[in-house]
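This is what each chain is made of:
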Amino acid sequence: MIYADNAATTKMSRAAINAMLPYMEQYYGNPSSLYAFGQQAREALENARSRIAACLHADPREITFTSGGSEADNQAIMTAAALGARRGKRHIVSTAFEHHAVLHTLEKLKKQGYEVTLLDVHSTGLVTPEQVTEAIREDTCLVTIMYANNEIGTIQPVAEIGAVCREKGVLFHTDAVQAAGHLPIDVKAQNIDLLSLSAHKFHGPKGIGVLYAKRGVALETIISGGAQERGKRAGTENIPAVMGMAAALEEACANMDEHRARLTGLRERLIHGLEQIPYGELNGDRERRLPGNVNFCFEGIEGESLLLLLDERGICASSGSACTSGSLDPSHVLLAIGRPHEVAHGSLRLSLGEEMTEADVDEIIQAVTDVVTRLRNMSPFWRDLVNGKRPHVFAE
Ligand SMILES: *Cc1c(COP(=O)(O)O)cnc(C)c1O
């Protein structure tokens, strides 16, 4: 099997698993317990918090553990919304191609009377700091723009957008779930007030994540109960997962440059190979993209069939995000960058992992080429394109 869906989730690293085991087998105490056995767990938790903070150039007190990226996104946005409302500010700026954890939270806020401006992303998926400057109003309480897009891999100019927000006195949140462990993060240098990350996207365990909130930004409680996480997030801490996340993040950050160089090489090889298929096009920016992200649209192809046939050949890929699969709607991300419905349906996302080889990439190229040809030969839609009954969207 070739696993090429690392944007959906990753295999846990050995270091992460090893870091977790002692906290399941031996040190399983509750950190809120007063006896020494519980306090050992407390110390481990705080140690992990410091190590994670160091990876982000943050202070440990600015790190809150959540159940993952979705919860961190929810809490970040609800926090900024609540703080804004207290000052009569109920306007939020975001983009049309955020993750649903962001977009659906914004939808909820709209029902509560907030106004949301979704910026257009260019055909490459890039947002400019100038667009953000123009969109910010007197009553804007939050700008939330993702660091790197999970479908097309576009990397935003986060530091510059953060600088605009800082100058205007507006909170800036970035969903860095795809970036953490893969791209450098420095919350101070990049002017970030709120940031979400999730361990299972960088070889850590599922169900654990971080919300970074700059000092002075008082978090809104989403999950009420005990006084864990300074009273901002109730629930007995998932110590094994936190330990796994800390180990995975440290490992990813230590090897970042090496992994980035290697993945970029594999990515370019894959892009070059898939570009040989006629009537297809790369989605997202050619340069400013995640090292492991490749996303193509092919004319005359139905994404689901493409994935099923690739699966038969032992290749795990995706048509977009794991969250949209199973629905027949084309990806909101591809529509946001201006892909017409008929080609947005024929998208293929391949997200590479560090363990992949050039031989794997070549096997993927061969399989996609074969499968696209086979599907097109069976497709009445494709016949219309070939016969000139419908116009092509892409060049040959
Ligand atoms: C995966 C992902 C999320 C959700 O993270 P979970 O930990 O699975 O809840 C949010 N945003 C982006 C960009 C993602 O890729």
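Throughout, residues of each chain are indexed from 1 in the direction in which the sequence is written. Local features are withheld for residues below a pLDDT of 70 in this predicted model, meaning they are given only at 70 or higher, and side-chain atom pairs are given and counted only at 80 or more; totals for whole chains, interfaces and linings count all residues. Heavy atoms throughout the structure, all of them, feed into the side-chain values; hydrogens and water do not.

1. Focus on the overall build of the protein chain
- Strands are runs of DSSP state E lasting at least two residues, helices are runs of H or I lasting at least four, and both sets are numbered from the N terminus onward. Across its full length, the protein chain carries 13 helices and 12 strands.
- For 396 residues, the compact-globule estimate of 2.2 N^0.38 gives 21 Å, and the C-alpha radius of gyration of the protein chain, at 22 Å, lies within 12% of that figure.
- In terms of overall dimensions, the protein chain has C-alpha extents of about 75 × 50 × 35 Å along its principal axes.
- Burial analysis of the protein chain (396 residues in total) assigns 57% to the buried set.
- We call two residues contacting when some pair of their heavy atoms lies within 4.5 Å. For the protein chain, restricting intrachain contacts to residue pairs at least 6 apart in sequence, the fraction spanning at least 24 positions comes to 74%. The globule rule used here is 2.2 Å times the number of residues to the 0.38 power, and the radius of gyration it is set against is calculated over C-alpha atoms. Each residue is placed in one exposure class: buried if its accessible area under a 1.4 Å probe, protein chains only, is under 20% of its type's maximum, exposed if it is over 50%, and partly exposed if it falls in between.

2. Observations concerning the sheet that holds strand β10 (residues 293-298)
- Following DSSP output, two strands are said to pair if at least two bridges run between them. Spatially, three strands are ordered β9-β10-β12 in an open sheet, and the strand pairing comes out antiparallel. The open sheet terminates on both sides in strands that have one partner only, identified here as β9 (280-282) and β12 (347-351). Between one strand axis and the next, the sheet turns by 20° as a mean value, whatever way the strands run.
- Relative to β10, β9 runs antiparallel, the two being bridged by three bridges. Its bridge partner lying in β10, Gly-280 is registered against Phe-298.
- Running at roughly 10° to β10, helix α8 (residues 256-274) makes contact with β9, β10 and β12 of the sheet. Between N-to-C directions, angles cover 0 to 180 degrees, with each direction set by a line fitted to C-alpha atoms, over the stretch in contact for helices.

3. Here's the deal with the nonpolar core
- By size, the foremost hydrophobic cluster in this structure holds 64 residues, and its most contacted members are Ile-52, Ile-63, Val-132, Val-143 and Met-245.
- Once residues within four sequence positions are removed from consideration, Met-245 is found in contact with Ile-52, Phe-65, Leu-197, Ala-199, Phe-202, Pro-205, Ile-208, Gly-209 and Val-210.
- Take the buried Ala, Val, Leu, Ile, Met, Phe, Trp, Tyr and Cys residues and link them wherever side-chain atoms come within 4.5 Å; each set so joined is a nonpolar core. By size, the runner-up hydrophobic cluster in this structure holds 31 residues, among which are Ile-2, Val-294, Val-361 and Ile-365.

4. A word on the environment of Thr-369
- With respect to the helices and strands, Thr-369 occurs in helix α12 (residues 358-378).
- Residue classification places Thr-369 among the partly exposed positions, given a relative accessible area of 27%.
- As for Thr-369 and Ser-319, which are separated by 50 residues in sequence, their C-alpha atoms are 16 Å apart.

5. A few points about the pattern of salt bridges
- We define a salt bridge as a side-chain nitrogen of Lys or Arg found within 4 Å of a carboxyl oxygen belonging to Asp or Glu. Enumeration according to the criterion identifies 23 salt bridges in this entry.
- The partner of Glu-250 in a salt bridge is Arg-51, with the nearest N and O atoms 3.0 Å apart. Note that Glu-250 is positioned in helix α7 (residues 239-254) and Arg-51 in helix α2 (residues 36-56), a separation of 199 residues in sequence.
- Of the residues examined, Glu-250 reaches a relative accessible area of 31% and is grouped as partly exposed.
- Here the salt bridges do not stand alone but share partners, grouping Arg-42, Glu-46, Arg-49, Glu-229 and Glu-237 into one network.

6. As for α12
- Helix span is expected to be 1.5 Å times the residue number reduced by one. When the terminal C-alpha atoms of α12 are compared, their 31 Å separation across 21 residues agrees well with the 30 Å that a helix rising 1.5 Å per residue should span.
- Of the positions making up α12, those classed as buried are Asp-360, Val-361, Ile-364, Ile-365, Ala-367, Val-368, Val-371, Val-372, Leu-375 and Arg-376.

7. Some words on the packing of aromatic side chains
- By convention, a stacked pair of Phe, Tyr or Trp rings (six-membered ring in the case of Trp) has centres within 6.5 Å and planes under 30 degrees apart, an edge-to-face pair has planes over 60 apart, and any other such pair is tilted. This model, assessed by the stated rule, comprises four aromatic pairs.
- Between Tyr-23 and Tyr-27, the ring centres sit 5.5 Å apart and the planes meet at 45°, which makes this aromatic pair tilted.
- In this structure, Arg-90 packs its charged tip against the face of Tyr-114, placed 4.8 Å from the ring centre.
- If you follow Arg-376 out to its NZ or CZ, it ends over the ring of Trp-382, 4.1 Å from the centre. Consider the ring centre and the ring normal. A charge sits over the ring if Lys NZ or Arg CZ is within 6 Å of that centre and within 35 degrees of that normal.

8. A few points about the side chain of Arg-267
- By secondary structure assignment, the location of Arg-267 is in helix α8.
- Sequence-distant contacts of Arg-267, defined by excluding residues within four places in its chain, comprise Arg-286, Glu-287, Arg-289, Leu-290, Pro-291, Asn-293, Val-294 and Leu-352.

9. Things to note about the packing of helix α1 (residues 14-25) against α7
- Two elements in contact, α1 and α7, have axes separated by 8 Å at closest approach and are oriented at 155°. As summarised for this structure, α1 and α7 are arranged roughly antiparallel, according to the angle between their axes. Two packed elements cross with a definite hand, and for α1 against α7 that hand is right-handed. Residues Ala-15, Ala-16, Ala-19, Met-20, Tyr-23 and Met-24 of α1 pack against Ile-239, Pro-240, Ala-241, Met-243, Gly-244, Ala-247, Ala-248 and Glu-251 of α7.
- Classifying every residue of the contact of α1 with α7 gives 12 nonpolar, one polar and one charged. For this classification, under 35 degrees means roughly parallel, over 145 means roughly antiparallel, 65 to 115 means roughly perpendicular, and everything else is oblique. Left-handed is the label given to a crossing in which the near helix is rotated counterclockwise from the far helix by less than a right angle, and right-handed is the label when the rotation is clockwise. Each residue is assigned to one class: nonpolar for Ala, Val, Leu, Ile, Met, Phe, Trp, Tyr, Cys and Pro, charged for Asp, Glu, Lys and Arg, and polar for all the others, Gly among them.

10. Thoughts on the packing of α8 against α12
- At a closest axis distance of 9 Å, the pairing of α8 and α12 adopts a crossing angle of 20°. In terms of orientation, α8 and α12 fall into the roughly parallel class. When the axes of α8 and α12 are compared, the crossing they make is right-handed. Facing α8, whose interface residues are Leu-266, Arg-269, Leu-270, Gly-273 and Leu-274, α12 presents Glu-358, Val-361, Asp-362, Ile-364, Ile-365 and Val-368.
- Of the residues contributing to the contact of α8 with α12, the split by class is seven nonpolar, one polar and three charged.

11. Some thoughts on the sheet that holds strand β6 (residues 171-175)
- Reading across from one edge, β2-β8-β7-β6-β5-β3-β4 is the order of the seven strands in this open sheet, with mixed pairing throughout. The outermost strands of the open sheet, each flanked by one partner alone, are β2 (63-66) and β4 (115-119). Averaged over neighbouring strand pairs, the angle between their axes works out to 20° when direction is ignored.
- As paired elements, strand β5 (residues 140-144) and β6 share three bridges and run parallel to each other. Following the sheet pairing, Leu-142 is matched in β6 by Leu-171.
- Where helix α4 (residues 100-111) meets the sheet, its contacts fall on β3 (91-95), β4, β5 and β6, and the angle it forms with β3 comes to roughly 155°.

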